[in-house]
Amino acid sequence: MAQVEIKNEGKTIEVPDGSCLVELEGKCGIVFACKAGACGSCKVKVLEGMENLESPNEQEKSGLATFGSDPKERLLCETKIKSGKIVIEY
Ligand code: FES
């Protein structure tokens, strides 16, 4: 299992290795609206562990070009975690 620490909530959530982080829906305060990389509601900053995430897919790249200005930002509805731990805040 991989771990996602949500720093501003003070909680850590486990998700299966290789899963999309839309898995966090309902388990934390991050809002997932479109789930298609188009609205920016699930944008977070990755504080640690970026190397444990898959590279952005085309939908996420397009969304980040619109909503993200910081290279540490990701759209969780399109982001897959490989394994290990990441630390995020939103
Ligand atoms: S839920 Fe809309 S961009 Fe992720």
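Structure shown above.
Residues numbered from 1 in each chain as written. Predicted model: local features only at pLDDT ≥ 70, side-chain atom pairs only at ≥ 80, totals over all residues. Heavy atoms only, no water.

Caption draft 1: Fine view of the sheet that holds strand β5 (residues 85–89). Reading across the sheet, the five strands line up as β2-β1-β5-β3-β4 and stay open at both edges, with mixed pairing between neighbours. In the strand order of this sheet, the two ends are held by β2 (11–15) and β4 (73–75), each with one partner. Neighbour-to-neighbour, the strand axes of the sheet open up by a mean angle of 35 degrees, direction not taken into account. When strand β1 (residues 2–6) meets β5, the two strands line up parallel, connected through four bridges. Residue pairing for β5: E5 is matched across the bridge by V87. In the packing of helix α1 (residues 58–67) onto the sheet, contacts are made with β3 (43–48) and β4, and the angle to β4 comes to roughly 125 degrees. (Pairing = 2+ DSSP bridges. Helix = DSSP H or I, 4+ residues; strand = E, 2+ residues; numbered from the N terminus. Axes fitted to C-alpha atoms, helices over the stretch in contact; angles between N-to-C directions. Contact = heavy atoms within 4.5 Å.)

Caption draft 2: Highlighting the pattern of salt bridges. If you walk through the whole model with that rule in mind, you get eight salt bridges. The residue E25 makes a salt bridge to K35 at a minimum N-O spacing of 2.8 Å. On the criterion of sequence distance, the pair formed by E25 in the loop between β2 and β3 and K35 in the loop between β2 and β3 is long-range, its members being 10 residues apart. Close ionic contact of D70 with K45 constitutes a salt bridge, the shortest N to O distance being 3.2 Å. Of this pair, D70 sits in the loop between α1 and β4 while K45 sits in strand β3, placing them 25 residues apart in sequence. Taking the relative accessible area as the measure of exposure, D70 reaches 24% and is therefore partly exposed. (Salt bridge = Lys/Arg side-chain N within 4 Å of Asp/Glu carboxyl O. Buried < 20%, exposed > 50% of the residue type's maximum accessible area, 1.4 Å probe, protein only.)

Caption draft 3: Expanded view of the side chain of N52. By secondary structure assignment, the location of N52 is in the loop between β3 and α1. Excluding its chain neighbours within four sequence positions, the residues that come into contact with N52 are K80, I81, K82, S83, G84, K85 and I86.

Caption draft 4: Region of the structure containing the side chain of T79. Secondary-structure assignment places T79 in the loop between β4 and β5. Side chain to side chain, T79 and E60 meet in a polar contact 3.1 Å long. Among residues more than four places away in sequence, those in contact with T79 are S19, C20, L21, L53, E60 and R74. (Polar contact = N/O pair within 3.5 Å; in protein donor to acceptor, adjacent residues only side chain to side chain.)

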